[in-house]
Amino acid sequence: MLSKKASCDAHGQDSSYFLGWEAYENNPYHQLDNPSGIIQMGLAENQLSFDLLESWLASNPDAVGMKRNGESVFREHALFQDYHGLPAFKNELVKMMSKIRRDKVKFDPNKLVLTAGATSANETLMFCLADPGEAFLLPAPYYPGFDRDLKWRPNVEIVPIHCSSSNGFKITMPALEEAYERAQRLNLKVKGVLVTNPSNPLGTTLTRQELNHLITFAVAKEIHIISDEIYSGTVFDSRRFITITEAVIDRNLQETDLWSRIHIVYSLSKDLGMPGFRIGMIYSNNQTVVAAATKMSSFGLISSQTQFLLANMLADTKFTSKYMKENRRRLKKRKEMLVSGLKTAGIKCLKSNAGLFCWVDMRKLLVSNTFEAEKELWKKIIFEVGLNISPGSSCHCIEPGWFRVCFANMSEETLQVSMRRIKAFVEPILIISNGCSSLQQQHQRRGSIIGKWVSKLSSSDPEPDR
């Protein structure tokens, strides 16, 4: 009696990424009420700077109370809103986007489409750019939610671009070509490449070389580029963030066909830590895409009250500058706490400079170099150690043993508890592993010595009779 969409399992909810959340929800950690519960380290939320936001709200009662110069604007915003969004809000959003990119790029509010979060933005772009059964290439490892956002309702196929730890999971031209050829063998028409920059789950920004690879590839194949830049304001270390638009401008490609095939997704969920406010957006140089996406946005609008409040907040440039600087400092400090704690336990992380998580290398904890072994390790970490982390297989990583571990959605004290737990779990494994490795090395050395001794004896023997 139900539709195929309602009764099928294509939502992706059976992914280990979401199953870990379920385990946490059934037994959530609480410092006092449930100290042995599962600590949520699989959720990329930024809870480190709520005090700054709350301080602004307390100092700006008119914005919270829907007033302008002391006069109520409630009736104005309670009525039906146009799906283009409030001009004041869109104007402040593009200014903020430019500020995060150090004013290297200017954005036009007329090319901006408001959506109820980045999830809606990515899905809307799929509806605009691809027909059911067509494909997008995504560098893997990638955010597990894309299997839901891109595939469930738009019915777009995802073809992973396989990246490896040998070069820090960077995008290469051979990897792009291999993914394209694989799609062709599957009889899939490739419509574009979607990247997250900064990367989720790697926590790294794309290099200039990687961006140029993407641009050259998109020009050659005549396809779209979607750059999901929702973590752009979280870059806290080393090289700066380069938006896809800046990279295209630097190659003087504004007057080419590629310019209309560049699309950016952004939101305030990560940079401002407001995922519950559902503030997402699409920025496109293609007016047909903008027009179609604006019409589709009527299925998931941002409330007028939210737009009014945040238009006022973003217009306070003194506050936003202070917030972004302090938020980055806190993220860097918290990330260093996680990396240091894992290092003490004998675990390394991929070097990162952005995001709310680290890409953690637990390959030496595997009993074998297989995804079955990764799954078993993941289960132990959830149910025995009490930490929900996301296995690399859920991110379509081709190497078993990598995990995404979030650090900004908990208190400092909770992070310290999680580090004590992981150290207590890992140390016995590494002692046994190192012991076996040491024993193996001893056997190898003994074998080498015996071999040399036998060889020496052999060389001193008289030649046998002929």
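All residue numbers refer to position in the chain's written sequence, counted from 1. Under the rules for a predicted model, residues below a pLDDT of 70 receive no local features and side-chain atom pairs below 80 are neither given nor counted, while totals for whole chains, interfaces and linings still include all residues. Side-chain metrics in this entry use all non-hydrogen atoms of the structure; hydrogen atoms and water are not considered.

### Describing the confidence of the model for the protein
A residue's pLDDT is the confidence the predictor assigns to it, expressed on a 0 to 100 scale. Residues of the protein with pLDDT of at least 70 account for 92%, and the chain-wide mean is 91. Below pLDDT 50 for its whole length, residues 449–466 participates in zero contacts with residues either more than four positions away or in separate chains. Whether two residues are in contact is decided by their heavy atoms, any of which lying within 4.5 Å being enough.

### Here's the deal with the environment of Tyr17
The way it works is that DSSP assigns letters per residue, a run of H or I at least four long becomes a helix, a run of E at least two long becomes a strand, and they are numbered from the N terminus. Structurally, Tyr17 can be placed in helix α2 (residues 16–26). Separated by 371 residues in sequence, Tyr17 and Asn388 place their C-alpha atoms 9.1 Å apart. If near-sequence neighbours (up to four positions away) are discounted, Tyr17 is found in contact with Gly42, Tyr143, Pro144, Ser390, Ser394 and Arg404.

### What about the side chain of Thr207?
Looking at the element boundaries, Thr207 is found in the loop between β7 (190–196) and α10 (208–221). Filtering out sequence-adjacent residues up to four positions away, Thr207 remains in contact with Lys170 and Arg239.

### As for the nonpolar core
Here the nonpolar core consists of buried residues drawn from Ala, Val, Leu, Ile, Met, Phe, Trp, Tyr and Cys, with membership extended through side-chain atoms lying within 4.5 Å. Buried residues are those whose accessible area, probed at 1.4 Å on protein chains only, stays under 20% of the maximum for their type, while exposed residues exceed 50% and partly exposed ones sit between those limits. Core analysis: the largest hydrophobic core is formed by 73 residues, its most contacted members being Phe89, Leu137 and Leu268. For Leu268, the contacting residues outside a window of four places in its chain are Leu93, Met96, Gly273, Met274, Ile279, Leu310 and Leu314. Within the second largest apolar cluster, 68 residues are counted, among which are Leu331, Leu366, Val385 and Val405.

### Remarks on α10
A helix is expected to span 1.5 Å for every residue after the first. When the terminal C-alpha atoms of α10 are compared, their 20 Å separation across 14 residues agrees well with the 20 Å that a helix rising 1.5 Å per residue should span. Within α10 the residues assigned to the buried category are Glu210, Leu211, His213, Leu214, Ile215, Phe217 and Ala218. Contacts from the buried residues of α10 go to β5 (135–140), α9 (173–185), β7, β8 (224–228) and α11 (244–250). With its phi angle positive at about 60 degrees, Glu222 sits one or two positions after the end of α10.

### Side note on the environment of Glu399
When you line up the elements, Glu399 lands in the loop between β14 (390–391) and β15 (402–406). Residue class for Glu399 comes out buried when judged on its relative accessible area of 15%. Between the alpha carbons of Glu399 and Ala78 there is a distance of 52 Å; along the sequence they are 321 residues apart. The contact partners of Glu399, leaving out residues within four places of it in the chain, are Ser164, Ser165, Phe169, Arg363, Phe371 and Glu374. Identification of polar contacts relies on pairs of N or O atoms within 3.5 Å, with a donor-acceptor requirement for protein atoms, meaning one able to donate a hydrogen and the other able to accept it, and with residues adjacent in sequence counted only if both atoms are side-chain atoms. A distance of 2.7 Å separates a polar atom in the side chain of Glu399 from a polar atom in the side chain of Ser165.

### Quick word on the sheet that holds strand β6 (residues 157–162)
What makes two strands pair is DSSP finding at least two bridges between them. Pairing in this open sheet of seven strands is mixed, and the strands run β4-β10-β9-β8-β7-β5-β6 from one edge to the other. The open sheet is flanked by β4 (112–115) and β6, the only strands paired with a single partner. Put simply, the sheet's adjacent strands are angled 25 degrees from each other on average, direction ignored. Direction of pairing for β7 relative to β8: parallel, over a ladder of five bridges. Across the sheet, residue Leu194 finds its bridge partner in β8, namely Ile226. Interaxial angle, 0 to 180 degrees, is taken between N-to-C directions of lines fitted to C-alpha atoms, where a helix line uses only the stretch in contact.

### A short note on the sheet that holds strand β11 (residues 348–349)
Spatially, four strands are ordered β11-β12-β15-β14 in an open sheet, and the strand pairing comes out antiparallel. Taken across any chain shown, the strands that pair with only one partner, and hence form the sheet edges, are β11 and β14. Strand direction decides the pairing type here: β14 and β15, joined by two bridges, are antiparallel. Across the sheet, the residue bridging to Pro391 is Phe403, located in β15. Strands β11, β12 (357–361) and β15 of the sheet are contacted by helix α14 (residues 317–344), whose axis makes an angle of about 15 degrees with β12.

### Quick notes on unusual backbone geometry
The amide bond that connects Ala140 to the next residue, Pro141, takes the cis arrangement and shows omega of 10 degrees. Of note, Pro141 is situated in the loop between β5 and α8 (146–149). Of note in the backbone geometry, Arg278 takes a positive phi value of approximately 55 degrees without being a glycine. Looking at where Arg278 falls in the secondary structure, it is placed in the loop between β9 (262–267) and β10 (280–284).

### Concerning the packing of helix α13 (residues 304–315) against α14
Look at α13 against α14: their axes get within 5 Å of each other, and the N-to-C directions meet at 80 degrees. Classified by the angle between their axes, α13 and α14 sit roughly perpendicular to one another. Mapping the contact onto sequence places Met313, Leu314 and Ala315 in α13 and Thr317, Phe319 and Thr320 in α14. When its residues are assigned to classes, the contact of α13 with α14 shows four nonpolar, two polar and no charged. Roughly parallel means an angle under 35 degrees; roughly antiparallel means over 145; roughly perpendicular covers 65 to 115; every other angle is labelled oblique. Note that Gly is not counted as nonpolar here; it falls among the polar residues with everything else outside the nonpolar set of Ala, Val, Leu, Ile, Met, Phe, Trp, Tyr, Cys and Pro and the charged set of Asp, Glu, Lys and Arg.

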